[in-house]
Amino acid sequence: MCAVARTMNLEISHRGPDDAGEWADPAAGVSFGFRRLSIIDLSEAGHQPMPSASGRYMIIYNGEVYNFRRIVAELEALRGPIEWRGHSDSEVILAAVEQWGLVDAVRRFIGMFSFALWDRKERELHLVRDRVGVKPLYYGWVNHDELLFGSELKAFDAYPGFSPEVDQQAVAALLAYACIPAPQTIYRRFHKLKSGAIATFRAGTLTEPTITTYWDAGEVVANARKRMFEGSDQEATEQLETLLMDAVGLRMVSDVPLGVFLSGGIDSSVVTTLMQRQSAVPVKTFSIGLAEREWDEAESAAAVAKHLGTDHTSLTVTPREALDIVPLIPGMFAEPFADSSQIPTYLVSKLARKSVTVALSGDGGDELFGGYNRYFLAGRLWRKTHRLPGFAKKITAGAINSISPDRWNRMWGAASPLLPKLYRQRQPGEKLIKFARMLGAQTPEQLYETLVTFWRDEPVVRGTSLAARQVRSELTDPVDYMMFLDMLTYMQDDILVKVDRASMAVSLEAREPLLDHRLIEFAWSLPQSMKIRNGEGKWLLKQVLYRHVPRELVDRPKMGFSIPLDLWLRGPLRDWAESLLDERRLRETLFLDPAPIRRAWSEHLSGRRNRQYELWPVLMLQAWLESTQLRASTTRQRASAASAHAVAEAVPRA
């Protein structure tokens, strides 16, 4: 059994290059495998799988419980001095579970984590994931009743008998959202454990878990709205800075070098600022610049770093260096994933890993404090149009749709001969078509889906319709609703997946202080006017930053962490894309309809339309399918050398 776990561990050794371990309970039919990236307690005392002091529990654990020292103090206040084997948070998790039980213990944890806990007494396996889904946890079945679980799907490739089927419903979701929303995965019978949940399996009945939700975002938001913050702007700024200082400070606990990703935007600048305030030495900061100035944030990041006095490292990446990453993406993400900012995220992670093992990031600020342009733009549109008669909206939408997007581009676009340069727009056709779709939205949910989905009018997955995402919320304001949906879907299924896979691909741990659950709860108690004011987002977050950084260094249009993908697809990536979008190859992917894909590719190459957002998910799917076939031959060789009797796989330590 340990041999199988060891073989599976090899597939994800990048997540834990410092140590490895296996453990099995043959009588129960359970085995654990483990890879460690050593962060806290670098000694053998931090080795996993780790038993509890009483021997009742065995754990493998991926992530960090940042407040573990506070939990130690709480335990010792109850029990007196404890003889600890080391000083790892893994050992503290076990002690907390023995003291308070699993659910009450997990509710005390501030952190990012996924872990597996085997209870020898009750003969139960518990899979646990953090509140917002920072750390991944997959599980599913092979050979009818053998349970596998792990941090990445690729670990399962090495398990004897693993021959999964692609889930066409997941493919439809991928092409619509550029990612596969939880609990779906690309494979049938395999799932992502939802955030804030515990899945419990009893020995002998491994086919159906009992799910316990210990932190429910819907309930958190509902409770926060019942006790709205009623203080002044000054009081809100003070309270937010206090929470931010603690969240950042907890994430600076490390026995290895750490730094921070600094883009020069609001979120990363706030994290860097409060990190530097709590550091006796210059904080190591890292940024990536692109040769194309329109997408380059390196200059802004350098200005913030100079003001704060950080130890800054910046790298300007050539298009060739960025494009060299593309062939690595399918293996890096293990299932198809199509947020093109995966490329710069990997590059900045690779840059940071040369100097540090841990890097903080500013992820979460947009979703919690109203940073995305769609919040205030769509909010204004909704307020102005949702009460209009249906026939008026239908006529307006029909008039817009009567003219093709490429014709709108010729009339109003950057090269339009009909308008003065001041009034020309970049790709107005796409914007107008989206506006027409938004006019048809009857509810905030429909409005949100219109804004964030692709291929809405050109279904490309045969015989499959996009299943509606089931999200429970009592929010009626469209802006609040979009922020809530982004927190539950886009942030978890896209942003956090991107950051985890790209950073762990180079054995770097990324930490997100803005996603501290206490900050989330506070943010949802704030009135919307403290987030979006005068047509701009993140108002309150900016007030904290302005205390430490001059406005002129950070007040600039939002850029996002993006690349000139539309240009690259017409240029250096054209041959690669053409081979994957060849009609014959598309037909070989039996569930795809080649016609709309080829049409979109032709429109994009001609420059008539920018179809990058529709094409990139198709390209990532095709590249992943090709990579999976190539990977299968090597993993089968490994699997054939291993035993076929294990039922569980490691969650690697990060």
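Residues numbered from 1 in each chain as written. Predicted model: local features only at pLDDT ≥ 70, side-chain atom pairs only at ≥ 80, totals over all residues. Heavy atoms only, no water.

Peer 1: So what's going on with the overall build of the protein chain? Residues and values would help.
Peer 2: Helix and strand counts for the protein chain come out as 27 helices and 16 strands. Expected size for 654 residues packed as a compact globule is a radius of gyration near 26 Å; at 25 Å, the protein chain falls within 12% of this value. Its C-alpha atoms put the protein chain at 80 × 60 × 50 Å along the principal axes. Among the 654 residues that make up the protein chain, the fraction classed as buried is 59%. Relative to all contacts within the protein chain whose residues are 6 or more apart in sequence, the contacts with residues 24 or more apart total 74%. A distance of 5 Å separates the average location of the 80 positive side-chain charges in the protein chain from that of its 80 negative side-chain charges. (Helix = DSSP H or I, 4+ residues; strand = E, 2+ residues; numbered from the N terminus. Rg over C-alpha atoms; globule rule 2.2 N^0.38 Å. Buried < 20%, exposed > 50% of the residue type's maximum accessible area, 1.4 Å probe, protein only. Contact = heavy atoms within 4.5 Å. Lys, Arg positive; Asp, Glu negative; His and termini not counted. Charge placed at Lys NZ, Arg CZ, Asp CG, Glu CD.)

Peer 1: Can you tell me about the side chain of Arg-129, naming the residues and giving the values?
Peer 2: Tracing the backbone through its elements, the reader meets Arg-129 in strand E6 (residues 124-129). Of the side chains bearing the opposite charge, Asp-130 lies closest to the buried Arg-129, which forms no salt bridge; the N-O distance is 5.4 Å. In this structure the side chain of Arg-129 is engaged in a polar contact, spanning 2.6 Å, whose partner is the backbone oxygen of Lys-135. Engagement of the side chain of Arg-129 in a polar contact is seen with the backbone oxygen of Leu-193, the distance being 2.7 Å. Apart from residues lying up to four places away in sequence, Arg-129 is in contact with Phe-113, Ser-114, Lys-135, Pro-136, Leu-137, Leu-193, Lys-194, Ser-195, Gly-196, Ala-197 and Tyr-214. (Salt bridge = Lys/Arg side-chain N within 4 Å of Asp/Glu carboxyl O. Polar contact = N/O pair within 3.5 Å; in protein donor to acceptor, adjacent residues only side chain to side chain.)

Peer 1: Describe the environment of Pro-330, with residues and values.
Peer 2: Of note, Pro-330 is situated in helix H11 (residues 329-333). Pro-330 sits in the buried class, given a relative accessible area of 7%.

Peer 1: Can you lay out the environment of Glu-449 for me, pointing to particular residues and giving the numbers?
Peer 2: Among the structural elements, Glu-449 can be located in helix H18 (residues 444-452). In this structure the C-alpha to C-alpha distance between Glu-449 and Ser-402, which are 47 residues apart in sequence, comes to 23 Å. For Glu-449, the residues in contact, after removing those within four places along its chain, are Tyr-177, Arg-456 and Arg-469.

Peer 1: Help me get a handle on the pairing of strand E8 (residues 146-150), residues and values and all.
Peer 2: Among the 5 residues of E8, 5 are classified as buried, and the element is accordingly described as predominantly covered. Burial along E8 is two-sided: Glu-146, Leu-148 and Gly-150 and Leu-147 and Phe-149, pointing in opposite directions, are all buried. Here strand E7 (residues 138-142) runs beside E8; their pairing, made up of 5 bridges, is antiparallel. By the bridge assignment for E8, Val-142 is matched with Glu-146. As consecutive antiparallel partners, E7 and E8 are separated by 3 residues, and within that stretch Asn-143 has a phi angle of approximately 50°, a positive value. (Pairing = 2+ DSSP bridges.)

Peer 1: Please give an account of unusual backbone geometry that cites residues and values.
Peer 2: The bulk of non-glycine residues show a negative phi, and the bulk of peptide bonds are trans. The omega angle of the peptide bond from Gln-48 to Pro-49 is 0°, so this bond is cis rather than trans. Within the secondary structure, Pro-49 sits in the loop between strand E2 (30-36) and strand E3 (50-51). Backbone torsion omega between Ala-182 and Pro-183 reads 5°, so that peptide bond is classified as cis. In this structure, Pro-183 sits in the loop between helix H5 (168-177) and strand E9 (190-192). Of note in the backbone geometry, Ala-178 takes a positive phi value of approximately 70° without being a glycine.

Peer 1: Please give an account of the packing of aromatic side chains that cites residues and values.
Peer 2: Counting across every chain of the model gives 21 aromatic pairs. Of the aromatic side chains, those joined through ring pairs into one cluster are Phe-156, Phe-162, Tyr-187, Phe-190 and Trp-624. (Phe/Tyr/Trp six-rings, centres within 6.5 Å; stacked < 30°, edge-to-face > 60°.)

Peer 1: Let's hear about the pattern of salt bridges: which residues, and what values?
Peer 2: As enumerated under the stated definition, the model contains 38 salt bridges in all. In this structure, Glu-603 and Arg-609 form a salt bridge, with 3.7 Å as the shortest nitrogen-oxygen distance. The partner of Glu-614 in a salt bridge is Arg-611, and the shortest N-O contact between them spans 3.4 Å. Both residues of the pair, Glu-614 and Arg-611, belong to the buried class. Each of the salt bridges in this network shares a partner with another, and the network as a whole consists of Glu-458, Arg-599, Glu-603, Arg-609, Arg-611 and Glu-614.

Peer 1: How would you explain the side chain of Ser-503 if you had to name every residue and give the values?
Peer 2: Mapped onto the elements of the fold, Ser-503 is located in helix H19 (residues 478-504). Residue contacts for Ser-503: discarding those within four places in its chain leaves Ser-349, Leu-508 and Ala-510.

Peer 1: Can you lay out the sheet that holds strand E12 (residues 258-261) for me, pointing to particular residues and giving the numbers?
Peer 2: The pairing of strands in a sheet happens through backbone hydrogen bonds and is either parallel or antiparallel. Spatial strand order, E14-E13-E12-E15-E16: 5 strands in an open sheet with parallel pairing. Strands at the two margins of the open sheet, each flanked by one partner only, are strand E14 (311-317) and strand E16 (509-511). Sheet twist, expressed as the average angle between the axes of neighbouring strands with direction ignored, equals 30°. Helix H9 (residues 298-308) rests against strand E13 (284-290) and E14 of the sheet, and its axis sits at about 160° to E13. (Axes fitted to C-alpha atoms, helices over the stretch in contact; angles between N-to-C directions.)

Peer 1: Which residues make up the sheet that holds E3, and what values go with them?
Peer 2: Spatially, the 6 strands line up as an open sheet ordered E3-E4-E5-E6-E10-E11, and their pairing is antiparallel. Each of the sheet's edge strands pairs with one partner strand only, and the pair in question is E3 and strand E11 (205-213). Bridge count between strand E4 (residues 57-65) and strand E5 (residues 111-119): 9 bridges; the pairing is antiparallel. Across the sheet, residue Tyr-61 finds its bridge partner in E5, namely Phe-115.

Peer 1: Pulling in residues and values, what's your account of the confidence of the model for the protein chain?
Peer 2: Within the protein chain, residue pLDDT values average 89, and 91% of them lie at 70 or more. Per-residue pLDDT stays below 50 along residues 633-654; that stretch engages in 98 contacts with residues further than four places along the chain or on separate chains. (pLDDT = per-residue confidence, 0-100.)

Peer 1: Provide a residue-level description of the packing of H18 against H19, including the pertinent values.
Peer 2: The N-to-C vectors of H18 and H19 enclose an angle of 55°; their axes lie 9 Å apart at closest approach. Regarding the angle of H18 to H19, the classification is oblique. Judged by the twist between their axes, the crossing of H18 over H19 is right-handed. Between H18 and H19, the contacting residues are Pro-444, Glu-445, Leu-447, Tyr-448 and Leu-451 on the first element and Pro-478, Tyr-481, Met-482, Leu-485, Asp-486, Thr-489 and Tyr-490 on the second. Split into classes, the residues belonging to the contact of H18 with H19 amount to 9 nonpolar, 1 polar and 2 charged. (Parallel < 35°, antiparallel > 145°, perpendicular 65-115°, else oblique. Left-handed = near helix turned anticlockwise from the far one by under 90°. Nonpolar A, V, L, I, M, F, W, Y, C, P; charged D, E, K, R; others polar.)

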